[in-house]
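# Commentary on secondary and tertiary structure
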Amino acid sequence: VYLANRVVPMLPPELSENLCSLVAEKNRLAFTVEMEGDLAGKIHSAKFYKSIIKVDKRFTYDEAESCIEKNEKWFSEIYQFAVALRDDRLKSGRIDLNLKENSILMGVENTITEIKEKARLRSHILIEELMLSANIKVAEFLRRKKAPALYRIHEPMDETKLETLNLFLKLYGFKHMIKNSSYIELEKALQEVSSHPSERIFNYFLLRSFMQAYYDGNAIGHWGLGFKDYCHFTSPIRRYPDLVVHRVLDAVLKSETLPYSEEEISQMGVQCSEKERIAADAERDIVKLKTCRYLESTGIKKFKGVITGIRPHSVFVELDNPPVEGVISFRHFTDESELVLPNDFSFTSKKYAKQFFLGQILELNLEKIDVEEIKIYLSPEIK
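Residues numbered from 1 in each chain as written. Predicted model: local features only at pLDDT ≥ 70, side-chain atom pairs only at ≥ 80, totals over all residues. Heavy atoms only, no water.

Let's shift gears to helix H4 (residues 122–144). Owing to its 3.6 residues per turn, the α-helix brings residues three or four apart onto one side. With 23 residues, H4 should cover 33 Å at 1.5 Å per step; its first-to-last C-alpha distance of 33 Å lies within 8% of that length. Of the residues flanking the end of H4, it is Lys146, one or two places downstream, whose phi is positive at about 55 degrees. (Helix = DSSP H or I, 4+ residues; strand = E, 2+ residues; numbered from the N terminus. Expected span 1.5 Å × (residues − 1).)

Structure, rendered in C-alpha cells:
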C-alpha cells in the first residue's frame, strides 16, 4: 500500500526490498516470460521458466527516459516495440482515457512541497506495455491448461449508462451520439470531445460509467483494456493475486498437483478484491490529508476551480493550483433543502437565477479545511 511518502509492504522488507527485489550486480531468483514479437505490435510466441537474473544497473524512469531521448539503440528499439504494442491494442479495443494523475513532492519532515500533474513519460509506456504483454500471455496459458487461478476481470459497461453519456454530449453541443458500448463507438465520442473544455469531465464521467475491476477464477477477460485473457502476474512482491498466479504457473510447468481448488480461488478472489478497495481508499485518504495540510501551509485563500461533480447537497470542484479537490455546500446556491438537479450534469440555482454545469469555472474562496473529514470547503464568488 502506497501512503504518499511511505510504503506498507505486503512482504517483510528483507524479502520485498532485498532478496525478492532486483538489485544491481546481485543474482536474484526470478520467473521469466520470454516473448517474441514484431514491430507491427504482434506477439507470436511466449515461454515461461524459472531463472536467475543479474541486473547490471537499475534505471529510474527518468534515466530510462533520457536513454530513449538520446536514441540509444537498446532503449530505442524496445520503446518502438512498446509503442507498436500500444497502437495495436488501441486499434483492437482498448479504451484510453485522457486522465491526468497528480504527483506529490515531499520535503523534510514529510511535508509536501508541491502538488503537480504527473508527467507521462515514454519510459512509463515501455514498462506498462511489456507488463501487459506478460500478464496476457500467462493468463492465456493458464486458461488453456484449465488451471484454477486468479484472473483480473473487467466486465462490459452497462448499456443503460449510454443514455446519460449521450445527454452529456447533447448538453455540451456535440452532434455525435453513442449507439452502443462498443470500443468503436466510445472512441468516436472521445475523439469528438478531444481538446474541448469539457473533455476531462467527459473522461471522468465515462470512467464512472465503467464496471469496477475485480479478481475471480473465471477467465472472462478485461473489457476496458480489450483483452480476452488477463491476469496480474508482474508484481508478486506487492500484490497477492500475482503471487497466487506464480504458484499456479509453477505447478503447471512442473506437472505437479495444482495448489488451489476452484472454491479456494473463488474465496481468494472475493477477499483480494475487497482488500484492494480498502487499500485504494487508504491511498486516496492519505493524499487528501496531506493535501489539506499543504493548503493550510500555503496560506492561499483564493482559487479558480472547475465543477467536476454535483450532488443534491454538494458541488465538487477541482482547483487549478494546486490541482486538488474541494467541495462547496449546496447552501451557497439555494435557500431550499437541496439543489435542483434536472440531470447529472447541471443544477439550477434559483438564488442566482442561473444554471451551473460540469466543467464550468468558478472563482472560489477558502472557507475552511476540515482535517477530520479530510475535506476542503470553499465558497463561490458569483457575479
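In this section: the pairing of strand S14 (residues 354–357). As defined by bridge partners, strand S13 (residues 346–349) adjoins S14 across 4 bridges and the pair is classed as antiparallel. Within S14, the position partnered with Thr348 by the bridge is Gln355. Linking S13 back to S14 in an antiparallel pair, the connection comprises 4 residues, with Ala353 at a positive phi of about 55 degrees. (Pairing = 2+ DSSP bridges.)

Counting residues in hydrophobic clusters, the biggest one holds 48 residues, and the most contacted among them are Phe202 and Leu378. For this core, the leading source of residues is helix H6 (residues 183–193), giving 5 residues. Ignoring any residue separated from it by four or fewer positions in sequence, one finds Phe202 in contact with Leu165, Phe168, Leu169, Ile178, Ala189, Leu190 and Val193. (Core = buried A, V, L, I, M, F, W, Y, C linked by side-chain atoms within 4.5 Å. Buried < 20%, exposed > 50% of the residue type's maximum accessible area, 1.4 Å probe, protein only. Contact = heavy atoms within 4.5 Å.)

The next point concerns unusual backbone geometry. Residue Asn321 is joined to Pro322 through a cis peptide bond whose omega torsion reads 0 degrees. Within the secondary structure layout, Pro322 lies in the loop between strand S10 (314–319) and strand S11 (325–329). One non-glycine residue, Ser195, adopts positive backbone phi at about 70 degrees. On the secondary structure map, Ser195 appears in the loop between H6 and helix H7 (199–209). A residue is classified by how much of its surface remains accessible, and Ser195, at 69% relative accessible area, is exposed.

Here we come to the packing of H6 against H7. It is at 9 Å that the axes of H6 and H7 come closest, and there the two elements cross at 155 degrees. The angle between the axes of H6 and H7 places the two elements in the roughly antiparallel class. The chirality of how H6 crosses H7 is right-handed. Residues Leu186, Ala189, Leu190 and Val193 of H6 pack against Glu199, Phe202, Asn203 and Leu206 of H7. Residues belonging to the contact of H6 with H7 are distributed by class as follows: 6 nonpolar, 1 polar and 1 charged. (Axes fitted to C-alpha atoms, helices over the stretch in contact; angles between N-to-C directions. Parallel < 35°, antiparallel > 145°, perpendicular 65-115°, else oblique. Left-handed = near helix turned anticlockwise from the far one by under 90°. Nonpolar A, V, L, I, M, F, W, Y, C, P; charged D, E, K, R; others polar.)

Okay, a nonpolar patch on the surface next. Residues Tyr61, Ile127 and Met131 make up a contiguous nonpolar surface patch of roughly 240 Å² in combined accessible area. Take Met131: its relative accessible area is 32%, and that puts it in the partly exposed class. (Patch = residues over 30% accessible without salt bridge, like charges linked within 9 Å, V, L, I, M, F, W, Y side chains within 5 Å. Areas by Shrake-Rupley, 256 points an atom, 1.4 Å probe, with all protein chains shown as cover. Salt bridge = Lys/Arg side-chain N within 4 Å of Asp/Glu carboxyl O.)

Within the secondary structure layout, Ala189 lies in helix H6. Considering only alpha carbons, one finds Ala189 and Met177, 12 residues apart in sequence, at a separation of 7.5 Å.

What follows deals with the sheet that holds S14. With antiparallel pairing, the 3 strands of this open sheet are ordered in space as S12-S13-S14. Edge positions in the open sheet fall to strand S12 (340–343) and S14, since each of these has one partner strand only. Adjacent strand axes in the sheet meet at a mean angle of 30 degrees when their direction is disregarded.

Of the residues making up helix H5 (residues 162–171), those classed as buried are Leu162, Leu165, Asn166, Phe168 and Leu169. Projected down its long axis, H5 shows its buried positions confined to an angular sector of 150 degrees, all on one face. The outward face of H5, more than 90 degrees from its buried face, is lined by the exposed residues Glu163 and Lys170. Positioned one or two residues after H5, Gly173 has a phi angle of 85 degrees, which is positive. (Arc of directions from axis to C-beta.)

Scanning the model with the defined rule gives 22 salt bridges in all. Residue Arg122 is joined to Glu69 by a salt bridge in which the shortest nitrogen-to-oxygen separation is 2.4 Å. Residue Arg122 is found in helix H4, and its partner Glu69 is found in helix H2 (residues 61–69); the two are separated by 53 residues along the sequence. Ionic pairing is found between Glu185 and Lys188, a salt bridge with its closest N-O pair at 3.6 Å.

By secondary structure assignment, the location of His154 is in the loop between strand S7 (151–153) and H5. If near-sequence neighbours (up to four positions away) are discounted, His154 is found in contact with Phe210, Met211, Gln212, Ala213, Gly221, His222, Trp223 and Gly224.

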